[in-house]
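# Commentary on secondary and tertiary structure
Next come the chains, spelled out residue by residue.
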Protein chains: 2
Amino acid sequence: METSKLSPSTLVLRLGHRKERDKRVTTHAALVARAFGADGIVFVGDVEKTIIEKINDVVKRWGGPFSISVVNSYKKIIEQWKKSGGIVVHLTMYGEHITESNVMQRIKREEKKILIIIGAEKVPRIIYELADYNVAIGNQPHSEIAALAVFLDHLYEGRELSKEFYNAKIRIIPSSRGKKVVKVEANDCG
Amino acid sequence: METSKLSPSTLVLRLGHRKERDKRVTTHAALVARAFGADGIVFVGDVEKTIIEKINDVVKRWGGPFSISVVNSYKKIIEQWKKSGGIVVHLTMYGEHITESNVMQRIKREEKKILIIIGAEKVPRIIYELADYNVAIGNQPHSEIAALAVFLDHLYEGRELSKEFYNAKIRIIPSSRGKKVVKVEANDCG
């Protein structure tokens, strides 16, 4: 049995988390990374344990794989990523417009694994230089959570919404009314 | 001069805001509503003034129109909406799958204005009944901010990302590197 593996593989790098203030936004970003098909998320610096516990709990109940890690330096992980043959996409309202330019075609044509950088309000200037692509999900101010979801949805062309997860304990049966949740049998890989 | 008016028109109803805890998430939801083409957002109950100020400030600088209002009862606004010929779409992970079902086609075929309900963690049971459509942006747990963005992106088929706003004071020139922001001339309606 196989999960519906998405291509190219993606990893999210979350910059600029501010303790307490960004707790829920960072949690949402991590849940979106998982639900929209990324392999994992990397946090830089000081992130509350409760965030990591919350995401691990979701992975345990709803399935994976989904990796969560914390690093001290974004420069190092970006360098390593590039050395290992990956490209870096920075989501920013100042970047190339996702639908008005051909940036998505160029990214897809690379056929390489992608490190997707999302920041909080201020992102260090050097990120714009280190990124292979600076992509704007529209040039209006909104949310890194929305930007991440829409970028992954365009990249995977909706297939990510049907991704199956391994070792899920529960699963939803879609319903036009109410909530239907079922327990998943022991050997079911969905 | 005309803005690129999107059809059908949409209004977002944000339920279950918890003071302090949801401050940033609710702000992100409102900014996504505006950036992804909704006409406005309605909050139910007690919402911090700072959230409303923040969104008004974005509208002032980046353009509108975009309405922000606060009501006491969600039932009343839903009733009024339906009476005036609109339909109600509730975004929930338990709903009909946005791409695996034909729910989006059915919604588009209605050709009616849409009230889009997004909740925080717990949404009153009755919302599932009051809604004409319960729609899941995938049946995995993630974020109402992501759900709203992806729903609007599928509804408007990407056109929302090129929406023009009236009376903007600043505008971004998309750029592959760095930040280019320009002041908008007095009579420019973009």
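Above this text is the structure in question.
Cut-offs applied
Residues numbered from 1 in each chain as written. Chains lettered and ligands numbered in written order. Predicted model: local features only at pLDDT ≥ 70, side-chain atom pairs only at ≥ 80, totals over all residues. Heavy atoms only, no water. Helix = DSSP H or I, 4+ residues; strand = E, 2+ residues; numbered from the N terminus. Expected span 1.5 Å × (residues − 1). Buried < 20%, exposed > 50% of the residue type's maximum accessible area, 1.4 Å probe, protein only. Arc of directions from axis to C-beta. Contact = heavy atoms within 4.5 Å. Axes fitted to C-alpha atoms, helices over the stretch in contact; angles between N-to-C directions. Parallel < 35°, antiparallel > 145°, perpendicular 65-115°, else oblique. Nonpolar A, V, L, I, M, F, W, Y, C, P; charged D, E, K, R; others polar.

## Describing helix α2 (residues 49-62) of chain A
The end-to-end C-alpha separation of α2(A) is 20 Å, in line with the 20 Å expected for 14 residues at 1.5 Å each. Along α2(A), the residues classified as buried are I51(A), I55(A), V58(A), V59(A) and W62(A). One side of α2(A) holds all its buried residues, which, seen down the axis, span an arc of 100°. The outward face of α2(A), more than 90 degrees from its buried face, is lined by the exposed residues K49(A) and K60(A). On the buried face of α2(A), the contacting elements are α1 (23-35), β2 (40-44), β3 (67-71) and β7 (170-172) of chain A together with β4 (87-97) of chain B. G63(A), located one to two residues past α2(A), shows a positive phi value of around 105°.

## Quick look at the packing of α1(A) against helix α1 (residues 23-35) of chain B
One can describe the packing of α1(A) onto α1(B) by two numbers: an axis separation of 7 Å at closest approach and a directional angle of 60°. As summarised for this structure, α1(A) and α1(B) are arranged oblique, according to the angle between their axes. When α1(A) is examined against α1(B), the residues R24(A), V25(A) and H28(A) are found in contact with a partner set consisting of R24(B), V25(B) and H28(B). Of the residues that constitute the contact of α1(A) with α1(B), the class distribution is 2 nonpolar, 2 polar and 2 charged.

Shape descriptors only; they carry no functional weight alone.
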